[in-house]
Amino acid sequence: MSTSATAGRRSVLGSKDRVKTAVAAALGTSVENYDFIAYGTASALYFGAVFFPESDRFVGTLLSFATLAVGFVMRPLGGAVGGYFADRFGRKPVLVTAMIVMGAATFLIGVLPTYEQVGALAPVLLVVIRMMQGLAFGAEWGGAITMAYEHAPWHRRGMFAAIPQSGNPLGIALASGVFAFSDTLEGNWQWRTPFLLSAVLVVVALIVRSRLSESPEFQEAQATGKTEKNPLLATLAGDWRGILRVIALRVVESFAYYSTATYLLNYITDRHPALRPVALGAITAASILAIAVTFLAGALTDRIGRRPIYIAACTVAILFAFPMYLLTNSAQPALVVTVFIIGIGLIHASLTGTQGALLTEQFRTATRTSGASLGYQIAAAIGGFAPLLAAALVGAFGWPGAALLYLGAALIGLAGILSTKETWGRSERERVWRLVAEENTGRAPSQTAVPLPASSESR
């Protein structure tokens, strides 16, 4: 990718709010993921019986996963709308609005009537609210990542962009932990409680996000007239290759998670009901591990580049596709835990930790949120069908069908990263480190014009 340098007046050490912004983005991302993952867990464990009781067990599971997929179908639309407004008017308003919509939708799921109470109206309401969730979640990611990335020191953007990504496993851990607790409750409180408790998290995240400052990189682009009147159309016209790269890179990560945490959870509990507490606990433990691995993967990309870690994670995913089911089929608790630790705590976390900077760096400032969000959420929409496809393939071919699905996604991811040029190579790292050293020694004062990093300009 070619780069063109323009003058900027921002410090290479990032904004004064860099840490606060990254932490606030992570907090919001954790809440969004808690809400979205809570639905996935409930779909695997409860919704088939609660909202589709007239179907047989297998069909009920498919219908439950179909409503899960509806939210993913809405995510590209949410990404397009959120990206447009973030690139046109600013990142912060999108973050706050997305949080409000997501929180309201999740709370409403917790008070929904069941099929037994209102009949067919129950699944209809569930689908409508799920669509709201999908729109909000689609708008959330791009704004959170670009805010953290654009506030960050130039030589630490991989690490800072990984901080909101660490909010993903944090939200997953919270959701899994709450479901492990609610599993001890009686009746519908088993699935209602996690959705109702999300209201507390939403209020805290809203307070924190409302105090953030706008992205300095966006403010600079706005002040110099470098924003796009229609960033979505500009992205589709000029950055469509970047969108395709993001889709390929994201598919493996999306399938890696939902094939494991959602479908595999259902697969295990359906065949070995006694292992449900073990599986839920394993997802929680793996998610806690993933918080650290995500952060460490992002930090490591600042030292060795983005591509090496992504290539390694895709390769491990390819090798893990069949062993994950062979280990699970043993029904040994220790092996079940191992599967989730590897699948979520290592493979998935390494991918997400690298994505924050890697996907963002495929686009220039004026279309960054639109391009990254659209590609990310289109891939998410595809990945959202992973549980449904896995269930259908297992019904037709047994567990090897699900393993082949996982393998196929991993191969797409590997092809995607091999065809993507390094955005943070050695020469770029050395150039930015020289700028950092100069500013630290006073030779390049904080407000002196310096070339923007390559990732901030058109490619």
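Sequence order sets the numbering: in each chain, residues are counted from 1 along the sequence as written. Per-residue local features are limited, in this predicted model, to residues with pLDDT of at least 70; the limit for side-chain atom pairs, both in listing and counting, is 80 or more; totals at the level of whole chains, interfaces and linings are taken over all residues. To obtain the side-chain values, all non-hydrogen atoms of the structure were used and water was disregarded.

A. Molecular detail of a nonpolar patch on the surface. The patch calculation keeps residues exceeding 30% relative accessible area without a salt bridge and links them within 9 Å when they carry like charges or within 5 Å when they are nonpolar (Val, Leu, Ile, Met, Phe, Trp, Tyr). For accessible areas, the Shrake-Rupley method is used with a probe of radius 1.4 Å. Any residue's cover is judged against the shown protein chains and nothing else. Whenever a carboxyl oxygen of Asp or Glu lies within 4 Å of a side-chain nitrogen of Lys or Arg, that contact is scored as a salt bridge. On the surface, a cluster of nonpolar side chains totalling about 440 Å² of accessible area is made up of Leu 77, Val 81, Phe 85, Phe 89 and Leu 135. Take the nonpolar patch: its biggest share by element is four residues, from helix 2 (residues 57-89). Among the secondary structure elements, Leu 135 is positioned in helix 5 (residues 121-151). Between buried and exposed lies partly exposed: a residue is buried under 20% and exposed over 50% of the maximum accessible area for its type, with that area taken using a 1.4 Å probe on protein chains only. Owing to a relative accessible area of 32%, Leu 135 belongs among the partly exposed residues under this scheme. Comment: elements are numbered from the N terminus, with helices defined as DSSP H or I runs of at least four residues and strands as E runs of at least two.

B. How the structure looks around the environment of Val 200. Following the sequence through the fold, Val 200 ends up in helix 7 (residues 189-209). Residue Val 200 is classed as exposed on the basis of its relative accessible area of 55%. Here the alpha-carbon distance between Val 200 and Tyr 84, two residues 116 residues apart in the chain, equals 29 Å.

C. Summary view of the environment of Cys 314. Examined against the element boundaries, Cys 314 turns out to sit in helix 12 (residues 307-320). The class for Cys 314 is buried, based on a relative accessible area of 0%. Between the C-alpha atoms of Cys 314 and Glu 186, which are 128 residues apart in sequence, the distance is 41 Å.

D. The arrangement of the packing of helix 12 against helix 17 (residues 399-418) in detail. Between helix 12 and helix 17, the shortest axis-to-axis distance is 8 Å and the interhelical angle comes to 160°. Considered as vectors, helix 12 and helix 17 are oriented roughly antiparallel to each other. Note on packing geometry: the crossing formed by helix 12 with helix 17 is left-handed. For the pair helix 12 and helix 17, the contacting residues are Arg 307, Tyr 310, Ile 311, Cys 314, Thr 315, Ala 317, Ile 318 and Phe 320 in the first and Tyr 406, Leu 407, Ala 410, Leu 411, Gly 413, Leu 414, Ile 417 and Leu 418 in the second. By residue class, the composition of the contact of helix 12 with helix 17 is 13 nonpolar, two polar and one charged. Here an axis means a line fitted to C-alpha atoms, over the contact stretch when the element is a helix, while the angle between two N-to-C directions is reported on a 0 to 180 degree scale. Oblique is the label for every angle not falling under 35 degrees (roughly parallel), over 145 degrees (roughly antiparallel), or within 65 to 115 degrees (roughly perpendicular). Rotating anticlockwise by less than a right angle from the far helix to the near helix defines a left-handed crossing, while the corresponding clockwise rotation defines a right-handed one. Here, residues are in contact when the closest pair of their heavy atoms is within 4.5 Å. Put simply, Ala, Val, Leu, Ile, Met, Phe, Trp, Tyr, Cys and Pro go in the nonpolar bin, Asp, Glu, Lys and Arg in the charged bin, and everything else, Gly too, in the polar bin.

E. Structural detail: empty space enclosed by the protein. Space inside and on the surface of the protein is sampled on a 1 Å grid over the protein atoms alone, with a cavity defined as a set of points where a 1.4 Å probe fits but cannot get out and a pocket as an open set with protein on both sides within 12 Å along at least 5 of 7 lines; lining residues have an atom within 4 Å of a point. Grid points are joined across faces, edges and corners, and a volume is the space filled by probe spheres set on the points. One pass over the structure, following the stated rule, counts three cavities of 30 Å³ or more. The calculated volume of the largest cavity comes to roughly 190 Å³. Every residue lining the largest cavity is counted, 22 residues in all, and those nearest its centre are Asn 33, Phe 137, Asn 168, Arg 250 and Tyr 376. Elements with a contribution of two residues or more to the lining of the largest cavity: helix 1 (18-51), helix 5, helix 6 (157-182), helix 10 (240-271) and helix 14 (333-360). Split into classes, the residues belonging to the lining of the largest cavity amount to ten nonpolar, seven polar and five charged. Of the volumes computed, that of the second largest cavity is approximately 40 Å³. Considering the residues around the second largest cavity, the lining is formed by Ile 37, Thr 41, Ser 176, Tyr 257, Tyr 258, Ala 261, Thr 262 and Ile 283.

F. Here's a closer look at the nonpolar core. Core analysis: the biggest nonpolar cluster contains 91 residues, and Phe 47, Phe 51, Phe 195, Tyr 263 and Phe 340 have the highest contact counts within it. Of all the elements, helix 10 adds the most residues to this core, at 16 residues. If you look at the next biggest cluster of nonpolar residues, it comprises seven residues, including Ala 26, Ala 152, Met 159 and Ile 163. Nonpolar cores were defined as sets of buried Ala, Val, Leu, Ile, Met, Phe, Trp, Tyr and Cys residues, with membership established by side-chain atoms within 4.5 Å.

G. Looking closely at the packing of aromatic side chains. Under the pairing criterion, centres of Phe, Tyr and Trp rings, with the six-membered ring standing for Trp, must be within 6.5 Å; the plane angle then separates stacked pairs below 30 degrees from edge-to-face pairs above 60, leaving the rest tilted. Per the stated rule, a full pass over the model turns up 15 aromatic pairs. Summarising the aromatic geometry, the rings of Tyr 84 and Phe 85 are spaced 5.3 Å apart at their centres and angled 90° between planes, so their arrangement reads as edge-to-face. Residue Tyr 84 is classed as partly exposed on the basis of its relative accessible area of 24%. On the accessibility criterion, Phe 85 (40% relative accessible area) is partly exposed. The structure contains a cluster of three or more aromatic residues connected by ring pairs, namely Tyr 39, Tyr 46, Phe 47, Phe 51, Phe 179, Trp 191 and Phe 195. Between Arg 157 and the ring centre of Tyr 149, over which it is positioned, the NZ or CZ distance is 4.4 Å. The criterion for a charge sitting over a ring is simple: Lys NZ or Arg CZ within 6 Å of the ring centre, and within 35 degrees of the ring normal.

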